[in-house]
Amino acid sequence: MNRRKLIALGAGAVAAAATGAATGATAQAAPSTDAALTTAPSAAELAATLPGGFTSRYATVNGIRLHYVAGGRGEPLILLHGWPQTWWEYHKVMPALATRYRVIAVDLRGAGGSSKPASGYDKKTMAADIAALAGALGYTKVNVVGHDMGAMVAYSMAANHPAVVNKIAMLDVEHPNSSYYEFRMLPAPGAPFHPWWFAFNQVSQLPEQLITGRSRFLVDWMFDNLLVNKEAINDFDRAVYAYAYSTPDAIRGGNGWYQALGQDIVDNETYTPVTTPVLGIAHDIFYPSFAATLTQQATNVQLVQIANTGHYFVDEQPQVLIQHLNAFFG
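Right, let's walk through the structure included here. For clarity, every value in this text was computed on a predicted model and none was experimentally measured.

This paragraph deals with the overall build of the protein. Of the regular secondary structure elements, the protein holds 14 helices and eight strands. Per-residue burial for the protein yields a buried fraction of 55% across its 330 residues. In the protein, of all internal contacts separated by at least 6 residues, the share reaching a separation of at least 24 is 72%. Accessible area for the protein stands at about 13200 Å²; split by element, carbon and sulfur atoms hold 54% of it.

Here the focus is the nonpolar core. Proteins that are soluble and globular tend to have nonpolar side chains buried together. Counting residues in hydrophobic clusters, the biggest one holds 100 residues, and the most contacted among them are Met-94 and Trp-257. The element contributing the most residues to this core is helix α5 (residues 149-160), with eight residues.

Let us now look at unusual backbone geometry. Between Trp-83 and Pro-84 the backbone carries a cis peptide bond, its omega angle lying at -5 degrees. With respect to the element layout, Pro-84 can be found in the loop between β3 (75-80) and α3 (94-97). Backbone geometry at Asp-148 places phi at a positive 60 degrees, although glycine is not the residue there. Judged by its relative accessible area of 9%, Asp-148 is buried.

Moving on: α5. Every α-helix winds through 3.6 residues per turn, so residues three or four apart in the chain are directed the same way. Counted at 1.5 Å a residue, the expected span for α5 with its 12 residues is 16 Å, and the 16 Å between its end C-alpha atoms agrees. Here α5 lies mainly inside the structure; 10 of its 12 residues are buried.

With that settled, the discussion passes to the packing of helix α10 (residues 248-259) against helix α11 (residues 261-268). At a minimum axis separation of 5 Å, α10 and α11 run at an interaxial angle of 35 degrees. Between α10 and α11, the contacting residues are Trp-257, Tyr-258 and Gln-259 on the first element and Leu-261, Gly-262 and Asp-264 on the second. Residue classes in the contact of α10 with α11 are distributed as three nonpolar, two polar and one charged.

A cluster of nonpolar side chains, namely Val-203, Leu-206 and Leu-210, defines an oily patch on the protein surface of about 220 Å² accessible area. Inspection of the secondary structure assignment puts Val-203 in the loop between α6 (196-200) and α7 (206-211).

In total, this model carries 16 aromatic pairs according to the counting rule given. A centroid spacing of 5.0 Å and a plane angle of 70 degrees characterise the contact between Phe-183 and Phe-198, whose relative ring orientation is edge-to-face. Of this pair, Phe-183 sits in the loop between β6 (165-171) and α6 while Phe-198 sits in helix α6; the two residues are 15 residues apart in sequence, bridging distant segments of the chain. Judged by its relative accessible area of 36%, Phe-183 is partly exposed. Considering the side-chain rings of Phe-198 and Tyr-258, the 5.1 Å spacing of their centres and the 85 degrees angle between planes classify their relative orientation as edge-to-face. Of this pair, Phe-198 sits in helix α6 while Tyr-258 sits in helix α10, placing them 60 residues apart in sequence.

Turning our eyes to something else, we now look at the pattern of salt bridges. Applying the stated criterion across every chain, the model contains eight salt bridges. The shortest N-O distance in the salt bridge between Asp-264 and Lys-123 comes to 2.6 Å. Remark: Lys-123 occurs in helix α4 (residues 123-136) and Asp-264 occurs in helix α11; sequence separation between them is 141 residues. When sorted by exposure, Asp-264 lands in the same class as Lys-123, which is buried. Where Asp-224 meets Arg-238, a salt bridge forms, and the shortest distance between an N and an O atom there is 2.9 Å. Within this pair, whereas Asp-224 is found in helix α8 (residues 215-226), its partner Arg-238 is found in helix α9 (residues 235-244), the two being separated by 14 residues in sequence. Residue classification places Arg-238 among the buried residues on the basis of a relative accessible area of 4%. If you follow the salt bridges from partner to partner, you end up with Arg-216, Asp-220, Asp-224, Asp-235 and Arg-238 in one network.

Contact pair α8 / α9: the axes reach a minimum separation of 9 Å and the direction vectors enclose 130 degrees. The pairing of α8 with α9 is recorded here as oblique in orientation. Of the two possible hands of crossing, α8 and α9 adopt the one that is right-handed. Residues Ser-215, Arg-216, Val-219, Asp-220, Phe-223 and Asp-224 of α8 lie in contact with α9, whose contacting residues are Asp-235, Arg-238, Ala-239, Tyr-241, Ala-242 and Tyr-243.

Calculation notes
- Residues numbered from 1 in each chain as written.
- Predicted model: local features only at pLDDT ≥ 70, side-chain atom pairs only at ≥ 80, totals over all residues.
- Heavy atoms only, no water.
- Helix = DSSP H or I, 4+ residues; strand = E, 2+ residues; numbered from the N terminus.
- Buried < 20%, exposed > 50% of the residue type's maximum accessible area, 1.4 Å probe, protein only.
- Contact = heavy atoms within 4.5 Å.
- Areas by Shrake-Rupley, 256 points an atom, 1.4 Å probe, with all protein chains shown as cover.
- Core = buried A, V, L, I, M, F, W, Y, C linked by side-chain atoms within 4.5 Å.
- Expected span 1.5 Å × (residues − 1).
- Axes fitted to C-alpha atoms, helices over the stretch in contact; angles between N-to-C directions.
- Nonpolar A, V, L, I, M, F, W, Y, C, P; charged D, E, K, R; others polar.
- Patch = residues over 30% accessible without salt bridge, like charges linked within 9 Å, V, L, I, M, F, W, Y side chains within 5 Å.
- Salt bridge = Lys/Arg side-chain N within 4 Å of Asp/Glu carboxyl O.
- Phe/Tyr/Trp six-rings, centres within 6.5 Å; stacked < 30°, edge-to-face > 60°.
- Parallel < 35°, antiparallel > 145°, perpendicular 65-115°, else oblique.
- Left-handed = near helix turned anticlockwise from the far one by under 90°.

This is the structure:
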């Protein structure tokens, strides 16, 4: 099934699954009992739309089941997504990368088709998940790309499993450190953004009650406010993510990544700067603090600043990202 046909057949179902709401002012939240929540294009159908022979697969590692989509040939390149996305975050770059690498896009613990256990959302445990996946796939050494939460996991792999990691690329986010405690509860006048979701996702149970069956509102807010080109993540893609985050378990899983930040900060204090080669890429607003922190967390760092984009530049600037990843990983 090609992408055009999939969109034609599945977009309506996914959009309904994501609350059936349009992005306009008249949008109405669907109830949490919406029957459409059971209908959406599968990961296998989505994977089949991508050139490169991509297929949807599962592996049981580190006590959980991880879902991943793999295709291409060459050295293994593991892709780790951020919040509120899934492996589909990388669908614009996967075909090009697959001409040079064996691309493995993973749903992190708590997201997409992967297990959503009650615990294990500290980045050290999540890094152990990915290291175990690499071993289960027969690789002794892998390259890793992580965006947002995925970048935290990539760094933790370099810190805790250096023998498994050849190089890592960290996109727009560094590993949690004590500066995270300085995030403002109220937006400072003139501040370019206000990360309210860090605090919201710390709350127990309430996010599940508010977002279940209404996740499209959250997804749209994040993309509309953290993209320069809002069309870079289109209605179909937003519906895919909203569907993935529409259930209580999925919401709790994503929240778990944020609720573990305190433990991540504690763990960070035990790490010495990693010697693994690191490519750090950030957009204009995040770049100054990102660069300052990353050069303290790693000894071998290449830094790139991407202009005319927001936080989700995997979607906004895919060709630029492909060029930098190819140049770095070789």
